[in-house]
Amino acid sequence: MSESKTTRITVAGERPYDVLVGRGLLGELPGMLGGEVRKVLVVHPRALRATGEAVREDLVAAGYEAVAAEVPDDEDAKSAQVAAFCWGVLGQASFTRTDAVVAVGGGTVTDLAGFVAATWLRGVRVVHVPTTLLGMVDAAVGGKTGLNTAEGKNLVGAFHPPAGVLCDLATLETLPRNDLLAGMAEVVKCGFVADPVILERVEADPDAVGDHASPLVRELVERAVAVKADVVGRDLRDTGDREVLNYGHTLGHAIELSERFAWRHGAAVSVGMVFAAELASLAGRLDRSVVDRHRSVLGALGLPLTYRGDRWPQLLQAMGRDKKTRGDRLRFVVLDDVARPTRLEGPDPSLLAAAYASISRD
Ligand SMILES: NC(=O)c1ccc[n+]([C@@H]2O[C@H](COP(=O)([O-])OP(=O)(O)OC[C@H]3O[C@@H](n4cnc5c(N)ncnc54)[C@H](O)[C@@H]3O)[C@@H](O)[C@H]2O)c1
Ligand SMILES: O=C(O)C(=O)C[C@@H](O)[C@H](O)[C@H](O)COP(=O)(O)O
Ligand SMILES: [Zn+2]
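Counting from 1, residues in each chain are numbered in the order their sequence is written. As they are written, the chains are lettered A onward and the ligands numbered 1 onward, keeping that order. Selection of residues for local features in this predicted model requires a pLDDT of at least 70, selection of side-chain atom pairs for listing and counting requires 80 or more, and totals for whole chains, interfaces and linings are taken over all residues. Excluding hydrogens and water, the side-chain figures rest on all heavy atoms present in the structure.

By the naming in an unreviewed UniProt entry, the chain goes by 3-dehydroquinate synthase and is assigned to Pseudokineococcus basanitobsidens. UniProt positions are given in the numbering used here, feature names are shortened, and annotations may be inferred rather than shown by experiment. The UniProt entry for the chain carries this comment under Sequence similarities (unreviewed entry): "Belongs to the sugar phosphate cyclases superfamily. Dehydroquinate synthase family." Recorded in UniProt under Pathway (unreviewed entry), the annotation for the chain is "Metabolic intermediate biosynthesis; chorismate biosynthesis; chorismate from D-erythrose 4-phosphate and phosphoenolpyruvate: step 2/7."

Laid out in structure tokens, this is it:
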């Protein structure tokens, strides 16, 4: 894990692909696009206009016909309207099945661009260039794509693995600290469900976690990508093992809807993990010390641990639309211990209310 070299993590599957972690990785883009590609759509958010344009110009200089699609920042990118705008650009430029999409941005942009690539002509190649920590450690890896609807988070989507992922750590230089720390919620998630060393590293030096240039951040990116690559390599389509990556998301996604998508995803997942830990403890499965550890690790990163008490009825309704729900039976990823994830199926409503009471505030 040296600072100068590039780390390659391969994701297994029908078409294995590489996630590269390092600095100055854009030169790898043509290799990841593959020999057949002639046209490339570069999808980027408004905030990254200069970066998106630089990527487009590099591709033109490398002999591609490259066009850009600038999309809104944040969750506004993940809508059917924005996907339709991208389809329009692809259609106007006559993209064929041997052409490709490149996503340059955070998780919202990789989710959108991945969905556009999954649906254009029923599937063209996509390469992700994540520019947020969350994008690098989670959203760009694994092939889940998604759009939000008025009723909830990621309710529309497809499984469409990328041809490759370039995690260029230099892009984190401009990322606001709050966004870096929100992304760390997903890193901590990987620690709780699979890799306890992540938790030990964060506990040992929480200040370094907020410094994008620290070697610790690089190690955490590599560890989290390794966890995700291992899980999605075994269960791309979320039929079993992959559910563990949804730890904290049942309540987390409901909070995002309740906040009309104004909260960062990682912040909502942070509260969701504390809730899941309390639930597991009340169900007699998880030791209190591990619940306390959730609060101390996430709290040390300045992530939220509580949510509004008055929103419980709406949250409960939104959780009914979670993808793990079967019929009217809510299902939660919970822990028996650190790195021992399991499921809690159809918990009693009083248990859910008690767990929520322990994380709610006025
Ligand atoms: N598909 C998956 O497996 C998966 C996994 C985890 C999260 N997600 C999704 O990812 C999304 C969250 O992603 P996110 O936290 O990256 O949010 P985001 O994409 O909204 O990015 C956060 C903000 O940072 C800006 N930004 C991006 N890169 C920047 C940079 N280098 N410098 C300065 N500003 C920059 C963006 O324009 C945006 O305003 C959610 O929609 C979530 O559902 C998907
Ligand atoms: O990759 C997965 O699987 C995950 O659950 C990772 C999550 O961090 C991510 O937020 C994902 O988009 C949630 O998926 P969903 O199926 O609950 O929409
Ligand atoms: Zn997530």
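Picking up after the structure, the text goes on.
1. Observations concerning the coordination of the zinc ion (ligand 3)
Only Glu186 (OE), His249 (NE2) and His265 (NE2) from the protein reach the zinc ion (ligand 3) as donors, at distances of 1.9 to 2.1 Å. Counted as donors are N, O and S atoms no farther than 2.8 Å from the metal, or 3.2 Å for Na, K and Ca; water is not among the atoms, and sites may therefore look incomplete. Donor residues binding the zinc ion (ligand 3) come from one chain and are separated in sequence as E-x62-H-x15-H. Taken together, the residues Glu186 in helix 6 (residues 177-193) and His265 in helix 11 (residues 265-282) connect sequence positions 79 residues apart. Partly exposed describes any residue whose relative accessible area lies between the buried limit of under 20% and the exposed limit of over 50%, with all areas from a 1.4 Å probe on protein chains only and scaled to the type maximum. Classification of Glu186 as buried rests on a relative accessible area of 2%. For His265, a relative accessible area of 15% translates into the label buried. Secondary structure follows DSSP: runs of H or I at least 4 residues long count as helices, runs of E at least 2 residues long count as strands, and numbering of each begins at the N terminus.

2. Thoughts on the pairing of strand 8 (residues 152-156)
As paired strands, strand 7 (residues 147-149) and strand 8 are joined by 2 bridges and run antiparallel to one another. Counterpart to Thr149 in the pairing with strand 8 is Gly152. Joining the antiparallel neighbours strand 7 and strand 8 is a turn of 2 residues. A pair of strands is labelled paired if DSSP reports no fewer than 2 bridges between them.

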